[in-house]
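Given next are the chains, with one letter for each unit.
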Amino acid sequence: HFGSRRQEAQRLGRILRPKSYTQQDGSNRSSFNAFFYTLVSTDTQEMFYSAKRQQYLIDQGYTFKIVTNLCELSDMEAKVNNYKYSTP
């Protein structure tokens with residue numbers, strides 16, 4: 001529904017809004033990155049609604065990246081940084 005699309009765009013706007021307390025680099029621009037994550041389970045109705053929200057955000061001028069291999073990425077990161085962890 002339209003409410004959740006609008007709410008997600010508002011959340012993104014709050015996250016991406018420049019903060020007065022961020023450090024400034026020499027060019028007088030804020031030097032920070034903001035990230036917004038949405039987790040969606042595969043093979044659920046939520047995938048349909050998520051696609052609608054994504055399209056709404058694209059229409060609003062946002063860009064995003066879909067990550068589908070999160071487990072593999074975290075395993076690689078753990079190996080590179082020699083992190084110790086286990087799974088149940």
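Everything here concerns the structure above.
Attention here is on the structure that accompanies the text. (Residues numbered from 1 in each chain as written. Predicted model: local features only at pLDDT ≥ 70, side-chain atom pairs only at ≥ 80, totals over all residues. Heavy atoms only, no water.)

1. Remarks on the overall build of the chain
No. 1: A tally of regular secondary structure across the chain gives 3 helices and 0 strands.
No. 2: Start at the N end of the chain and walk to the C end: the helices and strands fall as α-α-α.
No. 3: Counting over 88 residues, the chain shows a buried share of 12%.
No. 4: Taking contacts inside the chain between residues at least 6 apart in sequence as the whole, the part at least 24 apart equals 37%.
No. 5: With the model as given, the accessible surface of the chain reaches about 8000 Å², and the carbon-plus-sulfur share is 53%. (Helix = DSSP H or I, 4+ residues; strand = E, 2+ residues; numbered from the N terminus. Buried < 20%, exposed > 50% of the residue type's maximum accessible area, 1.4 Å probe, protein only. Contact = heavy atoms within 4.5 Å. Areas by Shrake-Rupley, 256 points an atom, 1.4 Å probe, with all protein chains shown as cover.)

2. A few points about the packing of aromatic side chains
No. 1: Counted by the stated rule, this structure contains 1 aromatic pair.
No. 2: With a centroid separation of 5.3 Å and an interplanar angle of 75 degrees, the aromatic rings of phenylalanine 48 and tyrosine 49 are classed as edge-to-face.
No. 3: By relative accessible area, tyrosine 49 is classed as partly exposed at 38%. (Phe/Tyr/Trp six-rings, centres within 6.5 Å; stacked < 30°, edge-to-face > 60°.)

That is the geometry; function is a separate question.
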